[in-house]
Amino acid sequence: MSSSAAILPQINNSIVGIRYSHSSFKSSHPTNLGNEFAGVSTSDNFNTIEAIGRYNATERFHITAIVPFNYITQKSSRGNVQNLGIGDIMLMGQFLAVNPKLCNGKRAQHQFRAGLGLKLPTGSFNKKMNESILHSNLQNGTGSLDILLSGIYTLRIDNWGLNTELAYRINTTNQNKLRFGNRVAVKLTAFYWWKLNENISLLPTLGMGAEQMMGNKDGKHIVPYTGGWGVNAVAGFDVVMKKFVLSFSAQPPVVQHWSDGNVKRTIYLETGLFYNF
């Protein structure tokens, strides 16, 4: 499931696995917010464990399901918040438009996958703590049915490779008349296939990623201090052991501007273990 390994033989196999991600933010809430958090600084941590499965229905068409379980914490001078539970399930179909099998053993091989899917409103989005509804950013779900679009292109020449990913999410309005801003993300990474022995290969990766989110809407009005953009460095590795793949990546921020500069991402980490069959 690791993108850096997108042109490996495993692309023609079905996959099951588990993935853990951690993302942390520091927020300084403006004094003119007009609520109890005006002028308060918070430290937010988002931890997610995902059960992932990919079924190859045909040689060219794959179906992927992701079931997340979230553990969210927020610390501030007003007290601490904890929220855990199932998140929004994602289902996606991917079409393998260019299959590396068709390269017929050529030195240069490439692959393109196009995806279309849905994010289902399975996570709670009106959860309360101390009789108050948690902020929408601290909920396990968004309460909306969203459309997912993706494209992944991989080029490999001998042991060197280049991977490009593009993802776009179109959000809809939930029952609270809140619509989260649409998101677009792009990532470009280079990788090297290093065969340690007959059973184990190592794939180090290095690259850059960028993300932009539009502002949220409450009814017809843009919610202040929402949306923004960020550029991240990307570094990691995959360890391929026959039918198993162990992956790890870190994405420290390079430059960012979230919520009019009031929110700073400090780090994003991801690791996973996958089995192909």
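Located above this text is the structure these notes cover.
Here is what the cut-offs are and how they apply
- Residues numbered from 1 in each chain as written.
- Predicted model: local features only at pLDDT ≥ 70, side-chain atom pairs only at ≥ 80, totals over all residues.
- Heavy atoms only, no water.
- Pairing = 2+ DSSP bridges.
- Helix = DSSP H or I, 4+ residues; strand = E, 2+ residues; numbered from the N terminus.
- 1 Å grid on protein atoms, 1.4 Å probe; cavity = no way out; pocket = protein on both sides within 12 Å on 5 of 7 lines; lining within 4 Å.
- Points joined across faces, edges and corners; volume = space filled by probe spheres on them.
- Nonpolar A, V, L, I, M, F, W, Y, C, P; charged D, E, K, R; others polar.
- Buried < 20%, exposed > 50% of the residue type's maximum accessible area, 1.4 Å probe, protein only.

Chemist: Mind laying out the pairing of strand β10 (residues 160-170), listing which residues take part and the relevant values?
Modeler: Pairing between strand β9 (residues 146-157) and β10: 11 bridges, direction antiparallel. Bridge pairing in β10 links Ser150 to Ala167. The hairpin formed by β9 and β10 contains two residues between the paired strands, and Asp158 there has a positive phi angle of roughly 55 degrees. Judged from the 10 bridges that link them, β10 and strand β12 (residues 183-192) form a sheet pairing that is antiparallel. When the sheet's bridge partners are listed, Thr164 is paired in β12 with Leu188.

Chemist: Give a detailed account of empty space enclosed by the protein, specifying residues and quantitative values.
Modeler: On inspection of all chains with the given rule, the structure shows one cavity of 30 Å³ or more. Roughly 40 Å³ of volume is contained in the largest cavity. Lining the largest cavity, in full, are Glu211, Gly230, Val231, Asn232, Pro253, Gln256, Trp258 and Arg265. Listed by contribution, the elements that provide at least two residues to the lining of the largest cavity are β17 (228-241) and β19 (253-258). A class-by-class count of the residues in the lining of the largest cavity yields three nonpolar, three polar and two charged.

Chemist: Let's hear about the sheet that holds strand β16 (residues 221-222): which residues, and what values?
Modeler: Taken together, the three strands give an open sheet; going across it, the order is β11-β15-β16, and neighbouring strands pair in antiparallel fashion. Two strands close off the open sheet at either side, each with one partner strand: β11 (178-179) and β16.

Chemist: Talk me through unusual backbone geometry; I want residue IDs and the actual numbers.
Modeler: Unlike most non-glycine residues, Lys242 shows phi in positive territory, near 55 degrees. Assignment of secondary structure puts Lys242 in the loop between β17 and β18 (244-250). Residue Lys242 is classed as exposed on the basis of its relative accessible area, which comes to 60%. With phi around 50 degrees, Ser259 is a residue other than glycine that occupies positive phi space. The exposure class of Ser259 is buried, given its relative accessible area of 12%.

Just geometry here; none of it tells us what the structure is for.
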